[in-house]
Amino acid sequence: MMLAVSSLEKRFGGLVALKDVHFSVTPGQVKAVIGPNGAGKTTLFNLIAGTLKPTAGDIRLDGETIAGLPAPRIGMAGVARTFQQPQVFASLTILENAMLGGHRYHRGGFLACGLGLKHTKREEDKLRERAEQWLAFAGIADIAHRNASELPLGQQRYVEIARAMATGSKLILMDEPAAGLDDTETRELADMVRAISDTGTTVLLIDHHMDFVMSLADEVLVLNFGQRLAEGTPHEIQKSQLVIDAYLGIDDDA
Amino acid sequence: MSVFAKLNNHPVRRNTIQVGLFLISMLLVPVIFGPGYYLNMMIFIAVLALPALGLSLLSGLAGQLAISHGAFFAIGAYGSAILSTRAGVNPVLSTLLAQLLVIAIAAGIGAVVLRLRSHYLAIATLSFAIIVELVIEEWRGMTGGMQGMLGIPPIGLFGHEASSDIQFYYIYWPVTALMLLFALNLSSSRIGRALRAIREGEPVVSSLGIHAAEYKTGIYVVSSVFAGVGGALYAHFVGFVTPATGSIMFAIEIIMVLALGGFDRLWGALVGVALITLLNEYALGFADYKKIILGVTLIAVMLVFPRGLLPGLIDLVRNRRFARTA
């Protein structure tokens, strides 16, 4: 299993945000998490990425427990993410944003960088090369030197994707990547997610766009009120009466 | 590829050229203008530029505000003064040794405080600055208490001690230029990139597997050493230290320097220090109104150039140029 989540629980004081959630993601899979607003989807991502600590339960990445580790440790273990509101570093260029993805693979401490030692230049060149490769992958190599703040929302997502891919992670968490995109942009994004999957990277994504999720995902996990409601192939989920009652049939904006 | 584009891909070379040209012009100043009282002022600018550069690295680059740069200036000054006067250590060596103390203390504070988010650092470093002031005032046997310490030996090596302003000028400006070069290199390296990213959003930086707390502690230590070296150079130039050296007021003045010169450019720290030093000097005639003159100038600059004088002027020149070509 790439990712195995068992008996996961998260409480905020008296509020139970997630309860007894269990599911797994196999290597190379595209798995989607759906559910009505407040179902606990983003909380789930924050638990996996280490932004929040679980109250109970376990999260394993390739068999190793990552539950409760600090976020940087989980990042180093091979989990990258993109955010619901794109979080690009606005005062940095797009290239620099992507370079931060590969940052941890390269050496050069405070002293070496301040003194401008020779090897820091070599490391920097390698780091830039790696970033440029992923900018090309995300289709934004031609605007590498622009400031990230100048980009429209849709392109900021591609900066996030390039940055996340440059981390060389085995699992990428994408929180509503299609939010705020029009139909054409959503289709382009679906192609991007397939391309990510083709590199061998496992994808776990949250989204509300049903067409997007159903056409893309190998498997779907449905959350409702913080609990696992159903899990299966898109076909099974679309037919499940439980899911239709809780979500698909009622929430017509989905 | 143009020369400029090439230099952008080679920031160390670009920084070295810039600082080299700057240092050469600074070294030519006494040759052109001869000796004079202005040299004394220029030496102070070289010394005070160091804590300002340090704070610019911490606040401008990494977005963390500390009020301890006065305290580390004092630790550098007293540390080197005590070693050189009481233990007879050579002033160059004592300047370096004093930095070990600065590094140890800054790393300790940083490791504890920098795990928390930004404003805790300001509060914790303010408390630290108060403690340092108290220790300096009360530890009379070591620091001379309120009287301070006199007769600190001037900087020098192998029995040659600097004895005139011009000698200090030619020793101190190269040191300041080298430290400026270090700061510029750091800022344009991968470390600088990570720090600028931390300034914008620590959670995102963490998600990339980068330990933000380590980088923040690192830059806090480097930044404090800049202040500590400044303090030691100060002590070996003026020859005495008192509790007023590196007080909390001094720390706040350093923050004002950056507000004037601009937080987001290291060169702005030099511009700010030069401005404050000149203002201090020429407002002397109106001693009673000095603080008012400083305050009004600061407010005026902030109104016209909210990001500071240097970035403001650069923007102005750029806009002019665009206006012309348009």
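Residues numbered from 1 in each chain as written. Chains lettered and ligands numbered in written order. Predicted model: local features only at pLDDT ≥ 70, side-chain atom pairs only at ≥ 80, totals over all residues.

Novice: For the overall build of chain B, give the residues involved together with the corresponding values.
Specialist: Broken down by element type, chain B carries 15 helices and two strands. C-alpha atoms of chain B, sized along the principal axes, occupy 65 × 50 × 45 Å. Burial analysis of chain B (326 residues in total) assigns 47% to the buried set. In chain B, once contacts between residues fewer than 6 apart in sequence are set aside, the share between residues at least 24 apart is 77%. (Helix = DSSP H or I, 4+ residues; strand = E, 2+ residues; numbered from the N terminus. Buried ≥ 20, exposed ≤ 12 C-beta atoms within 10 Å, placed from the backbone. Contact = placed C-beta atoms within 7 Å.)

Novice: Talk me through the overall build of chain A; I want residue IDs and the actual numbers.
Specialist: Within chain A, the regular secondary structure consists of 10 helices and 10 strands. Computed over the C-alpha atoms, the radius of gyration of chain A is 19 Å, within 12% of the 18 Å expected from 2.2 N^0.38 for a compact globule of 254 residues. Taking the principal axes of its C-alpha atoms as reference, chain A extends roughly 65 × 40 × 30 Å. Burial status across chain A gives 46% buried among its 254 residues. (Rg over C-alpha atoms; globule rule 2.2 N^0.38 Å.)

Novice: Can you explain the sheet that holds strand S4 (residues 56-61) of chain A? Please cite residues and give values.
Specialist: Residues and elements named next belong to chain A. Pairing within the open sheet is antiparallel, and its four strands lie in the order S2-S1-S4-S5. At either end of the open sheet lies a strand with only one pairing partner, and these are strand S2 (15-25) and strand S5 (64-65). Sheet strands touched by helix H1 (residues 41-49): strand S1 (3-12), S2 and S4. Its angle to S2, the strand with the most contacts, is close to 65 degrees. (Pairing = 2+ DSSP bridges. Axes fitted to C-alpha atoms, helices over the stretch in contact; angles between N-to-C directions.)

Novice: Can you lay out unusual backbone geometry for me, pointing to particular residues and giving the numbers?
Specialist: All names here are of chain A. Within the chain, Ser7 stands out as a residue other than glycine whose phi angle is a positive 45 degrees. Note that Ser7 resides in strand S1. Looking at Ser7, the number of C-beta atoms within 10 Å reads 12, which means it is exposed. Positive phi values are uncommon outside glycine, yet Asp20 reaches one of about 50 degrees. Relative to the helices and strands, Asp20 resides in strand S2.

Novice: An account of helix H11 (residues 212-238) of chain B is requested, with residue identities and associated values reported.
Specialist: Residue and element names in this part refer to chain B. Given a rise of 1.5 Å per residue, 27 residues ought to cover 39 Å, and the 39 Å separating the end C-alpha atoms of H11 matches this to within 8%. For H11, the tally of buried residues reaches 24 of 27 residues, placing the bulk of the element in the interior. Among the residues trailing H11, Gly239 stands out with phi positive, at a value near 85 degrees. (Expected span 1.5 Å × (residues − 1).)

Novice: Hey, could you go over the sheet that holds strand S9 (residues 219-224) of chain A for me, with residue numbers and the actual values?
Specialist: All names here are of chain A. Across the sheet, six strands lie side by side as S6-S7-S8-S3-S9-S10; this open sheet has mixed pairing. What marks the edges here is a single partner per strand, and that holds for strand S6 (79-82) and strand S10 (227-232). The sheet shows a mean angle of 20 degrees between the axes of neighbouring strands, direction not considered. The sheet contact formed by S6 and strand S7 (residues 171-175) spans four bridges and is parallel. Bridge pairing links Ala80 to Ile172 in S7.

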